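Per-entry structural report
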Amino acid sequence: MMLTIHHYLIVSAALFSLGIFGLLSRRNAVVVLMSVELILNAASMNFIVLGQLVTPGLVTGKVFAIFVITVAAAEAAVAMAIIVGIFKYRQTVDVEKITDLKW
Amino acid sequence: METIVFYILVIVTLFCAVKVVTTPLVFRAAIYLIGSLLGMAGFFMLLGAEFMSAVQIVVYVGGIVVLIIFAVMLTSEPGGMQDRPDIKRTIPAAIVSGLVFFGLVYVFSLTEFKRMYPVEQNKGLAQAIGEKLLSLGPDGYILPFEVVSVLLVAALIGAIIIAKKERGE
């Protein structure tokens, strides 16, 4: 049996959905961030899969995947700083208890 | 052979990803995240994108997961926060993510991906990516590259300022 593009795309769709599940069901802000990393990784995996199997020989898909990884790193650094800052201020990282911006 | 490796990687990646979103212990979730990211690096290797696989391991496993583990340690509450799955949260989340998954699979099954540009590549992958990223020509990515570098500097400075200990506290 040959591996087609659809095999890879279904794996990345499963990772994306698991990321969404974690994003909606977890209370700890750090685990929510891990779910966001899963989602971003599924996106960059799609770029690489389509780049390698639809346009072999071109590097555009991989260049975009590099941009996604870079933005994910920047996002992780800022989000970590915010979570640590909130923890110093509120002594909790439970997203249900952080309601200061709730009107 | 390729198929066997693919299915082993599927099992490892999806098992670790499921554990990331379901395990009540935050530190364990971070360790399972490493397994999931390494599985994805394996997929990139299987696809023939060795450079992307190396970038994935260096940036994610070496950088982001270490950052996450530091955050886990810096934010551990006294007594330890047990993030137990809560039925009134997991059921809507499962419905939404299931709908997203089946919607995506349906769209993928409708789409036929045609192989285009069977260009023979005689350069190495890392060299080709580097030339594409830094070329000034009409199909180069020098401007996004510079914008992303500014974004990284801004994010790092912002992270330092947000997380910095305030004076006199």
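Everything in this summary refers to the structure shown in the same document. As the structure is a prediction and not an experimental result, all values here were calculated from the model. Along each chain, numbering runs from 1 in the same order as the chain's sequence is written. For naming, the first written chain is A and the first written ligand is 1, with later ones following in the order written. The predicted origin of the model limits local features to residues at a pLDDT of at least 70 and limits the giving and counting of side-chain atom pairs to 80 or more, whereas totals for whole chains, interfaces and linings rest on all residues. Processing note: side-chain calculations cover all non-hydrogen atoms of the structure and skip hydrogens and water entirely.

1. Description of the overall build of chain A
Applicable threshold: Here a helix means four or more residues in a row that DSSP labels H or I, a strand means two or more in a row labelled E, and each is numbered from the N terminus. In this description the radius of gyration comes from C-alpha coordinates, and the expected globular size is given by 2.2 Å times residues to the power 0.38. Buried, partly exposed and exposed residues are distinguished by accessible area as a fraction of the type maximum, computed with a 1.4 Å probe on protein chains only: under 20%, between the cut-offs, and over 50%, respectively. Two residues qualify as a contact provided that any one of their heavy atoms is within 4.5 Å of a heavy atom in the partner residue. Exposure was quantified through the Shrake-Rupley algorithm and a 1.4 Å probe, taking into account, for residues, occlusion by the shown protein chains and nothing else.
If you tally the helices and strands in chain A, you get three helices and zero strands. Taken from the N to the C terminus, the helices and strands of chain A come in the order α-α-α. Relative to a compact globule of 103 residues, whose C-alpha radius of gyration would be 13 Å, chain A shows 17 Å and is clearly more extended. Seen through its principal axes, chain A has C-alpha atoms that stretch 55 × 25 × 20 Å. Out of the 103 residues in chain A, the part that is buried amounts to 64%. In chain A, the proportion of contacts linking residues at least 24 apart, taken out of those at least 6 apart, comes to 55%. Accessible surface, chain A: about 4000 Å² in total, of which carbon and sulfur atoms supply 73%.

2. Topic: the environment of A:P56
Residues and elements named next belong to chain A. If you trace the backbone, P56 turns up in the loop between α2 (29-53) and α3 (60-90). Of the residues examined, P56 reaches a relative accessible area of 16% and is grouped as buried. Counting along the chain gives 43 residues from P56 to A13, while the straight-line C-alpha distance between them is 22 Å.

3. Remarks on unusual backbone geometry
One non-glycine residue with positive phi stands out, namely A:Q91, at about 55°. Within the secondary structure, A:Q91 is located in the segment after α3.

4. Focus on a nonpolar patch on the surface
Note the threshold: Patch membership is restricted to residues that have no salt bridge and whose relative accessible area is over 30%. Joining uses 9 Å for like charges and 5 Å for the nonpolar side chains Val, Leu, Ile, Met, Phe, Trp and Tyr. A pair is scored as a salt bridge if a Lys or Arg side-chain nitrogen falls within 4 Å of a carboxyl oxygen belonging to Asp or Glu.
Together, B:I87, B:I91, B:I95 and B:L99 make up an exposed nonpolar region whose accessible area comes to about 440 Å². Relative to the assigned elements, B:I87 resides in helix α4 (residues 87-110).

5. Observations regarding helix α3 (residues 50-74) of chain B
In an α-helix, one full turn covers 3.6 residues, which means residues spaced three or four apart are oriented alike. Put simply, the rule reads: Working rule for helices: expected span equals 1.5 Å times residues minus one. Bend at a residue means the angle formed by two fitted axes: the first through the 7 residues ending at that position, the second through the 7 residues beginning there.
Counted at 1.5 Å a residue, the expected span for α3(B) with its 25 residues is 36 Å, and the 35 Å between its end C-alpha atoms agrees. By the largest-angle criterion, B:Y60 marks the main kink of α3(B), which is about 25°. Along α3(B), the residues classified as buried are B:M52, B:S53, B:V55, B:Q56, B:Y60, B:V61, B:I64, B:V65, B:I68, B:I69, B:A71 and B:V72. Among the structural elements, α2 and α3 of chain A together with α2 (26-46) and α5 (125-134) of chain B are those in contact with the buried residues of α3(B).

6. Quick word on the nonpolar core
Soluble globular proteins: nonpolar side chains tend toward being buried together. Cut-off, in case you're wondering: We call a set of buried Ala, Val, Leu, Ile, Met, Phe, Trp, Tyr and Cys residues a nonpolar core when their side-chain atoms join them within 4.5 Å.
With 70 residues, the main nonpolar core has A:Y8, A:M34, A:M45, B:F43, B:M52 and B:I68 as its most contacted residues. Listed by contribution, the elements that provide at least two residues to this core are α1 (5-25), α2 and α3 of chain A together with α1 (2-22), α2, α3, α4 and α5 of chain B. Excluding its chain neighbours within four sequence positions, the residues that come into contact with B:M52 are A:I48, A:K62, A:A65, A:I66, A:I69, B:F44 and B:I129.

7. Looking at the packing of α1(A) against α2(B)
Heads up, the rule is: What counts as an axis is a line fitted to C-alpha atoms, over the stretch in contact for a helix, and the angles between N-to-C directions run from 0 to 180 degrees. Each angle receives one of four descriptions, namely roughly parallel if under 35 degrees, roughly antiparallel if over 145, roughly perpendicular if within 65 to 115, and oblique otherwise. If you view the pair so one helix is near and one far, a crossing is left-handed when the near helix is turned anticlockwise from the far one by less than a right angle, and right-handed when it is turned clockwise. All residues other than Ala, Val, Leu, Ile, Met, Phe, Trp, Tyr, Cys, Pro, Asp, Glu, Lys and Arg, Gly among them, are scored as polar; the first ten of these are nonpolar and the last four charged.
Following both chains from N to C, one finds α1(A) and α2(B) inclined at 160°, their axes separated by 12 Å at the closest point. Relative to α2(B), the element α1(A) is oriented roughly antiparallel. Like other packed secondary-structure pairs, α1(A) and α2(B) cross with a definite hand, here left-handed. Across from A:Y8, A:V11 and A:L15 in α1(A), the residues of α2(B) making contact are B:S36, B:M40, B:F43 and B:L46. Residue composition of the contact of α1(A) with α2(B), grouped by class: six nonpolar, one polar and no charged.

8. Focus: the pattern of salt bridges
Taken as a whole and assessed by the stated rule, the structure comprises three salt bridges over all chains. One salt bridge in this structure joins A:D100 and A:R90, with 2.2 Å as the shortest N-O distance. Residue A:D100 is found in the segment after α3, and its partner A:R90 is found in helix α3; the two are separated by 10 residues along the sequence. By relative accessible area, A:D100 is classed as partly exposed at 45%. Of the charged contacts, one joins B:R89 and A:E96 as a salt bridge, the two residues approaching to 2.7 Å between their closest N and O atoms. Linking B:R89 in helix α4 with A:E96 in the segment after α3, this pair reaches from one chain into another. On the accessibility criterion, B:R89 (13% relative accessible area) is buried.

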